[in-house]
Amino acid sequence: MSRRIAFINEKGGTCKTTLAVNLAAYFARKKGQRVLLLDLDTQGHAGKSLGVDVRTTSPNVFHFLCDRSVSLSEVARPTATEGLTVVPSYKEMSEFPVSAAPDPRRAFRLAERLAEPAAAHYDLVLFDAPPSMGLTTYNILVAATEVVIPVALTYLSLDGCAEVVETVRRVSAEHDRPDLHVSLVVPTLYRKTTLADEILDKLRSYFPDRCAKTPLGLNVKIDEAQSHGKTIWEYAPWSRGATMLQEIAEAVFSAGAQRKPAAGRAVA
Ligand SMILES: Nc1ncnc2c1ncn2[C@@H]1O[C@H](COP(=O)(O)OP(=O)(O)O)[C@@H](O)[C@H]1O
Ligand SMILES: [Mg+2]
């Protein structure tokens, strides 16, 4: 199975979408990968950040998950980045937990759809998760092989990170999925303050081998790029934001290459 990387943190505004979109584009551009990015958040920001008009784009990920007659090729949209395809999301996704509730296989919807032959076309699958730990995120964990946790360097952020680690461990055990693991913790929204440095030190001591060396610092070009529906590589490739994102992308990419089999249970 190809690598399937989920960007998860139940808190909003921790840079899940920013990382998912820009890393997906980086892997397509610089690593020659055929990349599929699935947005699973009701806000539809991953599609928007790639210039897709998510309000009028239908069918989308909701229809893909709720109707087996909707094929991957119908929901997978090409982007301005060669090699990067996105499955957009929008408000309908808020109905997914209710709509899937009667189905005993509801936690496996995403994994089962990605087990279909059309998904084998992709070398890498990335998931942009919603800011909650409900059925949608559960589907993502069941479908993923690894999790990247973006942690905003603010007070209480370590709690959120520990929750994700625990959930990954639980899903890994419940579904006999020793391969599912946290591959990288990425400190984000870094500003040089005493508090941010203290939190960063703690994060590094909890995750000595799995904390990205480069925190994602604040850089206005990253925000601007999203507002223009562009990746940082198109909008401001020479910016400090692009340099930081490139270092993080390389760390995520090599985290998969370095992985030893059966190390997946040691996620804490
Ligand atoms: N490094 C950064 N510097 C400045 N703004 C950023 C940076 N990373 C993300 N942002 C902005 O912060 C907001 C939240 O980021 P986002 O990736 O959407 O978070 P999440 O998906 O976790 O909710 C967005 O408006 C985004 O453009
Ligand atoms: Mg988001």
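That block above? That's the structure.
Let me begin by describing the structure that accompanies this report. If you're wondering where the values come from, they're calculated on a predicted model, not measured in any experiment.

**Points about the sheet that holds strand 5 (residues 124–128)**
Note on sheets: strands pair through backbone hydrogen bonds, and any given pair is parallel or antiparallel.
Phase 1 of the analysis: Spatial strand order, 3-4-2-5-1-6-7-8: eight strands in an open sheet with mixed pairing. On the outer flanks of this sheet lie strand 3 (77–78) and strand 8 (216–217), each paired with one strand and no other.
Phase 2 of the analysis: Strand direction decides the pairing type here: strand 2 (residues 35–39) and strand 5, joined by five bridges, are parallel. Across the sheet, the residue bridging to Leu36 is Val125, located in strand 5.
Phase 3 of the analysis: Seen against the sheet, helix 1 (residues 16–30) touches strand 1 (3–7), strand 2, strand 4 (84–87), strand 5, strand 6 (146–152) and strand 7 (181–190) and runs at an angle of roughly 165° to strand 5.

**Quick word on the pairing of strand 5**
Phase 1 of the analysis: The buried count for strand 5 comes to five of five residues, which makes it a mostly enclosed element.
Phase 2 of the analysis: By the alternation rule, side chains of strand 5 split into Leu124, Leu126 and Asp128 and Val125 and Phe127, which are all buried.
Phase 3 of the analysis: Pairing between strand 1 and strand 5: five bridges, direction parallel. Paired with Arg3 across the two strands is Leu124, which belongs to strand 5.

**Quick look at helix 7 (residues 135–143)**
Phase 1 of the analysis: Within the sequence span of helix 7, burial applies to Thr136, Thr137, Asn139, Ile140, Leu141 and Ala143.
Phase 2 of the analysis: In the core, the buried residues of helix 7 are packed alongside strand 1, helix 5 (96–100), helix 6 (109–114), strand 5 and helix 8 (157–174).

**Observations concerning the site of ligand 1**
Phase 1 of the analysis: Near ligand 1 lie 16 residues; those nearest to it are Lys16, Thr17, Thr18, Ile222 and Asp223.
Phase 2 of the analysis: Every element with two or more residues in the shell around ligand 1 is listed here: helix 1 and helix 10 (220–227).
Phase 3 of the analysis: Looking at the shell around ligand 1 residue by residue, the class counts come to five nonpolar, nine polar and two charged.

**Here we look at the environment of Glu116**
Phase 1 of the analysis: Within the secondary structure, Glu116 sits in the loop between helix 6 and strand 5.
Phase 2 of the analysis: C-beta crowding within 10 Å serves as the criterion here: with 11 such atoms nearby, Glu116 is assigned to the exposed category.
Phase 3 of the analysis: Taking the C-alpha atoms as reference, Glu116 lies 26 Å from Thr17; in sequence the two are 99 residues apart.

**A short note on the pairing of strand 4**
Phase 1 of the analysis: Along strand 4, one buried face is formed by Leu84 and Val86 and the opposite face, lined by Thr85 and Val87, is buried too.
Phase 2 of the analysis: With four bridges connecting them, strand 2 and strand 4 associate as parallel partners. In the sheet register, Leu38 faces strand 4, and the bridge partner there is Val87.
Phase 3 of the analysis: Sheet analysis places strand 3 next to strand 4, joined by two bridges and oriented antiparallel. By the bridge assignment, Arg77 is partnered in strand 4 with Val86.
Phase 4 of the analysis: Counting the residues between successive antiparallel strands, the hairpin from strand 3 to strand 4 contains five residues, one of them, Gly83, with a positive phi of roughly 90°.

**Section: helix 9 (residues 194–206)**
Phase 1 of the analysis: Relative to the 18 Å expected for 13 residues at 1.5 Å per residue, helix 9 spans 19 Å between its end C-alpha atoms, a close match to the ideal helical length.
Phase 2 of the analysis: Listing the buried residues of helix 9 in full gives Ala196, Ile199 and Leu203. Buried residues of helix 9, seen end-on, are gathered within an arc of 65° and therefore sit on one face of the element. Exposed residues pointing more than 90 degrees away from the buried face of helix 9 are listed as Thr194, Glu198, Asp201 and Ser205.
Phase 3 of the analysis: In this structure, the buried side of helix 9 is in contact with strand 6, helix 8 and strand 7.

Rules and cut-offs
Residues numbered from 1 in each chain as written. Chains lettered and ligands numbered in written order. Predicted model: local features only at pLDDT ≥ 70, side-chain atom pairs only at ≥ 80, totals over all residues. Pairing = 2+ DSSP bridges. Helix = DSSP H or I, 4+ residues; strand = E, 2+ residues; numbered from the N terminus. Contact = placed C-beta atoms within 7 Å. Axes fitted to C-alpha atoms, helices over the stretch in contact; angles between N-to-C directions. Buried ≥ 20, exposed ≤ 12 C-beta atoms within 10 Å, placed from the backbone. Near = placed C-beta within 6 Å. Nonpolar A, V, L, I, M, F, W, Y, C, P; charged D, E, K, R; others polar. Expected span 1.5 Å × (residues − 1). Arc of directions from axis to C-beta.

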